[in-house]
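Examination of the molecular architecture
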Amino acid sequence: MLGFGLTYGLVQQQRETGRSLAQIRFSEEVRSSSDAMTQRIVAYAEVVAGLRDLFMVNPDLDNQLFERVVAQHDVRRNYPELVNLSFVRRVRTSELPAYEARLRARFPAADPMAPIIHPRVDRPDHYIVEYLWPREGNESIWGLDIASQPANLAAVLTGRATGRPVTSAPFALLQEKEDSTAFVLRFPVFHRGEGDRFIGAVAAVVRVSGMLDAIRASGFLRGLSLRVQDVGAAGVPGVPALLGTSAPPPDTVEPGLALEETRLLDVMGRTWRLDFAPSRALLSSTERMMPWWIGGAGAALTLLLVVLASLLTRQRTRAFTEVASTHEALRRSEERFRAVFNQAAVGVSLTDVKTGALVRVNQKYCDILGYTRDELLRLDFQKLTHPDDLARDLEQMRRVQAGEIREFRLEKRVLRKGGESIWVDLTVSPIWKPGEAPDLHVAVIQDVDERRRMQDALQDRERHLRSILDHLPVGVCLVRHDERITFRNRQFVQIFGYAEREVPDVQAWWARICPDPDVRERARQHWARHCAAARLAGDSVIAAGEYRILCGDGAYRTVEIAGVLLGDDYLLTLEDLTSRKAAEEEINYLAFNDSLTGLPNRRLLLDRLQQTLASTARHQRWGALLMLDLDHFKTLNETRGHDCGDLMLRQVAERLRNSLPDSQTVARHGDDEFVVVLEDLGDSAEEAAAQAEETGQRILTLLSAPYLLEGEYYHATVSMGAAIFHGQEQGVDEHLKRADLAMYQAKAAGRNTMRFYDPLMQAAVHRRATLELDMRIGLEQGQFELFYQPQKDRDRIIGCEALLRWHHPQGGFISPAAFIPLAEETGLILPLGEWVLRAACTQLACWAQDPEFAHLSIAVNVSPRQFHEPGFVDHVLAALAGAGADASRLELELTEGLLLQDIEDTIRKMVQLKGYGVGFSLDDFGTGYSSLAYLKRLPLDQLKIDQSFVRDVLTDPNDAAIARTIVGLGISLGLRVIAEGVETEAQRAFLERHHCHAWQGYLLSRPLPVAEFEALVRAG
């Protein structure tokens, strides 16, 4: 029995040894496989974190940079299980149309008829896949609205709320038919700045089956069956969802062994359940049969006590062998752990907490720092840390040792073997047993030097951009959605003149630049309309507008303000237009003016001449064009030099400018040619030609005066051609050509003279000049005389109107219509008017001696020019006194046009003469300027109905009504009324019926010489 008992005990011991060995092998494989899965997920996270950092620095980086960074990680080779890498941007519903238009502009190859954003989800905000790698095989993912996938959307919203990376629940890949289960590692992206605004998330989609295959290919999960389930968010119970399996479960279980192990893995906010089971026997056939062999041996020992000692010895030897085998298994497990440790994608070290010495490092740690393993084990982490970052590192270590924090993570610089520093991402976690203080800590480092260099480069670019903005010739400022001004460049401050503390926001800005509330409101409404138009157009460009603003120095400036919409923000540009407007004015001046003389050049001349032609056509007025050419100017240039020539041209221009009113155009047409445009010269060609002749002769006289050129006097003459014009029948060039031809006629005539283009017009000008000369001679020689047209009241001649007649020695009687207008233009109307007054007063004095004529009065027409002469009253009184005539018999006829000039002076003179008994009659009443207010103030005695109304009084109801109105008006004002131009008895009868009893006209008599008039009066 002792032998059998001993045998049974040995069998049970062997079975227990086998179970322990299997358990050790199983647990070690489970641990190493779990660690491998953790390291794999950490590697994914590092790739995503690198992309996250890029988007934080530059939310709008271009697609090429995104793909270049992905290529640097060699994702396709190192992580084939990554289905895609993407950036999801948050977009509000109101921004979707503009956002989709930007996507279509960036990727013009997209189908223009198909929507980019899909599917359409009714939400206030959307999360659109904007950046995607690779595009091949994932075409359906680009433009996907994540809001349509509840699991993905929940992960995005969790990351946005917590600011930490998250893992999504498992979901099926749209682009895969088999092995479609996947999960998303998602890092939220916040725009650096005020408020850290959430703009989206960077994500990596991982195919679960591919991840498990990659782990198994790395030498893990050997002899294991793995079932991975997602049990929900960390700390929140949920319904487990299958993620994937690796290898089928075993068909049979080893006798006495029911090995299973479950581990919970925290994957960035979600909990995974890993169910491990052996998929093959963990003991060899020899190890499994060992208990049976021992049992058989025990039985044999019972029968063969002789060989008991040898069998016991053999068993002991085998026991030692099994122990050695167990140690070998442990050694292999240690080697696998070392392999995982050394093959990790990040640098890992074990560090003594007290001394800081490195106890153990992996190969990646060595590669990052450039040391061998032995060299690193002789160093401590303080010597490897950059001096500037050591204090921060030690402070964090102190907090870990004190239990204030469980772990820490920071970016610092470490020193490589060669002495150069590189940036690493450091994560430190302590290792301790429950109830004991930590004596080691695990440090994980990742080389982020390239990323930091990219960040530094981006920051340098940002500083460079700010420097560029500061040196722009326009002011620039950034206005946030809450109307805070967060950036302004140097030029903006210089133009505006206010510091940041004085104008922190848009409200204060408008209050400063527009102190007047009404002006400010109009300016703000104008700016708001421009902003609304930019949003409506979709191009985000705010149109430029000019504003007059008050600057910090108290001066008002005109500036141009424009901008660009940046979502809810906008970039505003401010340009001071002072210099530009000055430059524009200078350019405009040089474009239209001669740089030497300052006169309009040919271009401006043509434009003004065209306008003048149009004006003459509209107003039915005549104008003239004078072409001037300096005689022998070439000789001056050749003998005295071009400097003297230029000086003379400037003096000619100055004389022309000073001799003509501003309304007339003087231009330099060529080298030594000048053009004068005269407009509004009269209603007829003859009148225009006469005024052009007068102006031209004045210019000839003016320009013939000597010129002082460099201390010496120089005499020059001018040849002038003239062409009159009316309307636009002939073009500008035609008129210039005519004036040019006339100018050459003047040169051909001997220079220093003026010629008209039209020979007939030249003759007309000559005739007018001759007529003017003859009038002067006629005044001297007494060729003028007065004719008298009788005026009758009922049946009695009460007086007459004195009318001037000119009996020319050769031409006979010349019509007043031919010489009176010329006398008005030339000023001869003044001596003629004085002569008429003296002759009429002399005649009155003569009639006063004869009882038959003593009752007669004489009406004398007075021109406006004569009346407004300062000495008019004295001339009238002198004429009366000189002749000894009765002032009450003298009646002065004034036209309505005279009232247009200085009514107060008119009334003053009339009242003064009225005081001496002189009467006044308003001639041609109703044809000009009639104002009842002035009629009441004027000391009139009589109204005269113009013959134009009397002529058609019987046939035109309007003329009849006007005549009746004038009679009624005169009676109501207490004035006498007389009609002129009465030619028929019917006209006189009509006037008689309407109480107008005084009249004159051919019905009674034409104007008569004094003898015939006296005979008519005597005849009754």
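The following refers to the structure shown. (Residues numbered from 1 in each chain as written. Predicted model: local features only at pLDDT ≥ 70, side-chain atom pairs only at ≥ 80, totals over all residues. Heavy atoms only, no water.)

Attention now moves to unusual backbone geometry. In this model, H118 is joined to P119 through a cis peptide bond whose omega is -20°. Here P119 is to be found in the loop between α4 (96-106) and β2 (125-133). The step from W133 to P134 runs through a cis peptide bond, and the omega angle for that step is -10°. Relative to the helices and strands, P134 resides in the loop between β2 and α5 (150-162). The backbone of M268 shows a phi angle near 50°, a positive value even though the residue is not glycine. Checked against the element boundaries, M268 lands in the loop between β9 (261-267) and β10 (270-278). For M268, a relative accessible area of 22% puts it in the partly exposed group. In this structure, R751 takes a positive phi of about 65° despite not being glycine. (Helix = DSSP H or I, 4+ residues; strand = E, 2+ residues; numbered from the N terminus. Buried < 20%, exposed > 50% of the residue type's maximum accessible area, 1.4 Å probe, protein only.)

A word on the sheet that holds strand β19 (residues 556-566). Spatially, the five strands line up as an open sheet ordered β17-β16-β20-β19-β18, and their pairing is antiparallel. Bordering the open sheet on either side are β17 (485-488) and β18 (541-550), each of which pairs with just one other strand. Averaged over all pairs of adjacent strands, the angle between their axes in this sheet comes to 25°, without regard to strand direction. (Pairing = 2+ DSSP bridges. Axes fitted to C-alpha atoms, helices over the stretch in contact; angles between N-to-C directions.)

Another aspect to go through is the environment of I405. Within the element layout of this structure, I405 appears in the loop between α12 (387-401) and β13 (408-415). Considered as a pair, I405 and S429 are 24 residues apart in the sequence and their alpha carbons are 9.6 Å apart. Contacts of I405, omitting those with residues within four sequence positions, involve Q396, R399 and V400. (Contact = heavy atoms within 4.5 Å.)

Right, let's get into the sheet that holds β9. Strands sit in the order β8-β7-β10-β9 across an open sheet of four strands; the sheet is antiparallel. The open sheet has two edge strands, β8 (241-246) and β9, and neither has a second partner. Across the sheet, the mean angle from the axis of one strand to that of its neighbour is 20°, orientation sign disregarded. Contacting β7 (224-233), β8 and β10, helix α6 (residues 208-217) crosses the sheet at an angle of about 35° to β8.

This next bit is on the packing of aromatic side chains. Applying the stated criterion across every chain yields a total of 24 aromatic pairs. Ring centres 6.5 Å apart and planes at 55° place the aromatic pair Y127 and F198 in the tilted group. Taken together, the positions of Y127 in strand β2 and F198 in strand β6 (residues 197-207) put the pair 71 residues apart, joining distant regions of the chain. Between R452 and the ring centre of W423, over which it is positioned, the NZ or CZ distance is 3.6 Å. (Phe/Tyr/Trp six-rings, centres within 6.5 Å; stacked < 30°, edge-to-face > 60°. Lys NZ or Arg CZ within 6 Å of the ring centre and 35° of its normal.)

This part covers the pairing of strand β31 (residues 857-861). Counting buried residues along β31, four of its five residues qualify, which places the element largely inside the surrounding structure. With four bridges joining them, strand β29 (residues 796-808) and β31 adopt parallel strand pairing. By the bridge assignment, C800 is partnered in β31 with I858. By the bridge criterion, four bridges tie β31 to strand β32 (residues 890-895) in an arrangement that is parallel. Along β32, the bridge assignment pairs I858 with L890.

Right, let's get into the pattern of salt bridges. What the rule picks out here adds up to 61 salt bridges. Residue E100 pairs with R104 through a salt bridge whose shortest N-O separation is 3.8 Å. Of the two residues, E100 and R104 are both situated in helix α4; the distance of four residues between them amounts to about one turn of the helix. Classification of E100 by relative accessible area gives buried; the value is 11%. What makes R104 partly exposed here is its relative accessible area of 24%. (Salt bridge = Lys/Arg side-chain N within 4 Å of Asp/Glu carboxyl O.)

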